[in-house]
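Inside the fold
The residues making up each chain are set out below.
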Amino acid sequence: MKVLVTGGTGYIGSHTSVELVSQGFDLVIIDNLSNSKIEVLDGIEAITGIRPKFEKLDLCQAEPLDDFFKKNSNIDAIIHFAAYKAVGESVENPIKYYHNNLVSLLNLLEAMRKYQVPFMVFSSSCTVYGEARELPVTENSPVQPAESPYGNTKQIAEEILQEFVNSQDKIHAVALRYFNPIGAHPSSHIGELPIGEPENLVPYITQTGIGLRDQLKIFGNDYETPDGTAVRDYLHVVDLAKAHVATLKRLLNQQNKKPYEVFNLGMGKGVSVLEMIQSFNRVSGKTLNYKVVDRRHGDIEKIWADTSLATKELGWKTESSLDEAMKTAWDWEKQLNKNQS
Ligand code: WQD
């Protein structure tokens, strides 16, 4: 089976590519390398012994994408990761986000229709739920007005995908709503590669732990949560990658119950920022330096997933504990800075 992985040198894309190759899928990765490095292919090869085929392409360029599909006519499915995902940047530059995240999807769907590629697994996000009134959130929890242009591109993309699938007889799709992926492959050959100052919590924690950052800033401790810091549902990126393989098999084996399906992917547990710091301290033996500052604009207070549908329909649930996931993040940071740790 030949699978196109867009954004396959990115954080979640590379970990999913490792799981796909390990399960015998024949991959081709497209990435424009705007937010990842070509050396990630070395990591995938080091883990699996196979170097996936790679084409540097910008999905926003319709013609080169069409040429790609002309040359690769036997694609059985697409896993679409390629998108910008920095919430803060999307607020500063919304047009960049709407253009990139939506034009790339539209070009890809046009190619699917033209070349009759039957299946897509789409990378969506829990950001579509906003500040949920009821927790845990299920796939039927209301999608609320997005807190950022990034979150809005995911909401619009899901609507486009659903309407496209409904307009086609032989094309089916699944949107996977990720909660907060963390950690790295246990081999430390691949992991998260934030460019510049990390936006996300865990890379900021590990960079502080290794000495690249002086201090972690906790964005607010006046939330209505047990310890006042914001709560999220963190899951190991390898567990998340495995959910993509399970979803792909569901589509390829035509086990999906509707042409368009949605699944929440999380651990199913709410964890606060302070609890994340305690997890880091346990796995590293260090005492992280942090201070509390004002809330970050656009942050929600708390969210975690009801993942029972993914367990029931995909036969999937997370395998790694929070500490196990955090340890892989720390091991990866030490590997990245092996002369400094
Ligand atoms: C987690 C918590 C922060 C950094 C992310 C992505 C978003 C989407 C979902 C893909 C929050 C706090 C963080 C720091 C802190 N991913 N924090 N100090 O905001 O839940 O969203 O995952 O679709 O694209 O942005 O994750 O890791 O940024 O923050 O206190 O230096 O950690 O306030 O409560 P978030 P995050």
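Residues numbered from 1 in each chain as written. Predicted model: local features only at pLDDT ≥ 70, side-chain atom pairs only at ≥ 80, totals over all residues. Heavy atoms only, no water.

Next up on the list: the nonpolar core. Judged by nonpolar contacts, the single largest core of 46 residues is most densely connected at V3, L20, F25, F179, L248 and L265. With nine residues, helix 8 (residues 237–252) is the largest single contributor of residues to this core. Both domain 1 (2–182 + 236–265) and domain 2 (201–232 + 268–336) contribute no fewer than three residues apiece to this core. Sequence-distant contacts of V3, that is, excluding residues within four places in its chain, are made with L20, F25, D26, L27, V28, A77, I79 and L248. The next biggest cluster of nonpolar side chains, apart from the first, holds 29 residues, and it includes L59, M120, V165 and I171. (Core = buried A, V, L, I, M, F, W, Y, C linked by side-chain atoms within 4.5 Å. Buried < 20%, exposed > 50% of the residue type's maximum accessible area, 1.4 Å probe, protein only. Helix = DSSP H or I, 4+ residues; strand = E, 2+ residues; numbered from the N terminus. Domains from an automatic or database assignment. Contact = heavy atoms within 4.5 Å.)

A few words now on the pairing of strand 3 (residues 53–56). Where a strand is regular, its side chains alternate between the two sheet faces. With four bridges connecting them, strand 2 (residues 26–31) and strand 3 associate as parallel partners. Each bridged residue has a counterpart across the sheet, and for I29 the counterpart in strand 3 is F54. Since strand 2 and strand 3 lie parallel, the crossover through helix 2 (residues 40–48) that links them has a hand, and here it is right-handed. (Pairing = 2+ DSSP bridges. Right-handed = clockwise from strand over helix to strand, strands pointing away.)

What follows concerns the side chain of S141. Note that S141 resides in the loop between strand 5 (119–125) and helix 6 (149–167). A polar atom in the side chain of S141 sits 2.8 Å from the backbone nitrogen of T138. (Polar contact = N/O pair within 3.5 Å; in protein donor to acceptor, adjacent residues only side chain to side chain.)

Following the criterion strictly, the structure yields one cavity of 30 Å³ or more and no others. Estimated volume of the largest cavity: approximately 60 Å³. Every residue lining the largest cavity is listed: H80, F81, A82, A83, N101, F122, S123, T153, K154 and A157. Secondary structure elements with two or more residues in the lining of the largest cavity: strand 5 and helix 6. For the lining of the largest cavity, the element with the highest residue contribution is helix 6, accounting for three residues. (1 Å grid on protein atoms, 1.4 Å probe; cavity = no way out; pocket = protein on both sides within 12 Å on 5 of 7 lines; lining within 4 Å. Points joined across faces, edges and corners; volume = space filled by probe spheres on them.)

The final tally for this structure, using the stated rule, is five aromatic pairs. Taken together, a centroid distance of 5.1 Å and an interplanar angle of 85° make the contact between F280 and W330 edge-to-face. Of this pair, F280 sits in helix 9 (residues 273–284) while W330 sits in helix 11 (residues 322–336); the two residues are 50 residues apart in sequence, bridging distant segments of the chain. Note on accessibility: F280 and W330 belong to one class, buried. The residue whose ring lies beneath K96 is Y84, and the NZ or CZ to ring-centre distance is 4.8 Å. One Lys or Arg, R295, reaches over the ring of Y223 and ends 4.0 Å from the middle of that ring. (Phe/Tyr/Trp six-rings, centres within 6.5 Å; stacked < 30°, edge-to-face > 60°. Lys NZ or Arg CZ within 6 Å of the ring centre and 35° of its normal.)

Once that is clear, we can look at helix 9. Over its twelve residues, helix 9 runs 16 Å from end to end, which matches the ideal 16 Å to within 8%, given 1.5 Å per residue. Residues V273, L274, M276, I277, S279, F280 and S284 constitute the buried set of helix 9. A positive backbone phi angle near 75° is found at G285, which sits one or two residues after helix 9. (Expected span 1.5 Å × (residues − 1).)

This structure, assessed with the given rule, holds 21 salt bridges. In this structure, E55 engages K71 in a salt bridge whose closest nitrogen and oxygen atoms are separated by 3.3 Å. With a gap of 16 residues between them, E55 in strand 3 and K71 in helix 3 (residues 62–71) connect regions that are remote in the sequence. By relative accessible area, E55 is classed as partly exposed at 25%. Exposure remark for K71: the relative accessible area of 60% places this residue in the exposed category. D66 is paired through a salt bridge with K114; the nearest N and O atoms lie 2.9 Å apart. Here K114 lies in helix 5 (residues 94–115) and D66 lies in helix 3, a separation of 48 residues in the sequence. Looking at K114, the relative accessible area reads 46%, which means it is partly exposed. Through salt bridges that share partners, R250, K257, E261, K312 and E313 make up one connected network. (Salt bridge = Lys/Arg side-chain N within 4 Å of Asp/Glu carboxyl O.)

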